[in-house]
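Overview (structure and organization)
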Amino acid sequence: QVQLVESGGGLVQAGNSLTLSCAVSGRTISTYAKGWFRQAPGKEREFVAAVDWSGTHYADSVKGRFTISRDNAKNTVYLQMSTLEPEDTAVYYCEMRVRTYYSVAPDDYTYWGQGTQVTVSV
């Protein structure tokens, strides 16, 4: 059984940085696409970033500020977030797709974690 466990969320001031981690256990294939999504109160879950066979991919809203990476030896995916803005406040979810290529649709991912709260204050 696959499990994804996010960590690293918290409360930060605007302009600061935060790094999220996602530990993947169970049936894990390093080549499967993995992504980060977020959901703010009253809004739908939206794509943030993903890593797949071809490289890394980002939503326009975070491009240049966020960096996704993975450590296959540790089965961990990271999301480094810098220059955080209040609009980045959301619950962040790590998701894994049983495909080698990414998707921006959260429903295309088979496994996801419980989420970690990120709150950015002004």
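Residues numbered from 1 in each chain as written. Predicted model: local features only at pLDDT ≥ 70, side-chain atom pairs only at ≥ 80, totals over all residues. Heavy atoms only, no water.

**Remarks on the pairing of strand β3 (residues 18-25)**
Selection rule: The pairing criterion is simple: DSSP has to find at least two bridges between the two strands. Under the scheme used here, helices are H or I runs from DSSP no shorter than 4 residues and strands are E runs no shorter than 2 residues, and both carry numbers assigned from the N terminus.
Strand direction decides the pairing type here: strand β1 (residues 3-7) and β3, joined by 5 bridges, are antiparallel. Looking at β3, one finds that Gln3 is bridged to Ser25. Bridge count between β3 and strand β8 (residues 76-81): 6 bridges; the pairing is antiparallel. Each residue of the ladder has a partner; that of Thr19, found in β8, is Gln80.

**What about the environment of Leu20?**
Applicable threshold: Contacts are residue-level and defined by heavy atoms, with any inter-residue pair within 4.5 Å sufficient.
Structurally, Leu20 is set in strand β3. Those residues within four positions of Leu20 in sequence are excluded, and the remaining contacts are Ser7, Gly8, Gly9, Trp36, Val77, Tyr78, Leu79, Met81, Tyr92, Thr116 and Val118.

**Focus on the pattern of salt bridges**
Inclusion rule: Basic side-chain nitrogens of Lys or Arg form a salt bridge, by our definition, when they fall within 4 Å of a carboxyl oxygen of Asp or Glu. Here the term buried applies to any residue with accessible area under 20% of the maximum for its type, exposed to any over 50%, and partly exposed to those in between, with areas from a 1.4 Å probe on protein chains only.
Tallied over the full model, the rule gives 6 salt bridges. Two residues, Glu46 and Arg38, come together in a salt bridge whose shortest N-O distance is 2.6 Å. Taking the relative accessible area as the measure of exposure, Arg38 reaches 6% and is therefore buried. Here Asp88 and Arg38 are joined by a salt bridge, their closest N and O atoms 2.9 Å apart. Of this pair, Asp88 sits in the loop between β8 and β9 (90-96) while Arg38 sits in strand β4 (residues 34-39), placing them 50 residues apart in sequence. No difference in accessibility class separates Asp88 from Arg38, as the two residues are buried.

Interpretation in functional terms is not warranted from these geometric data alone.
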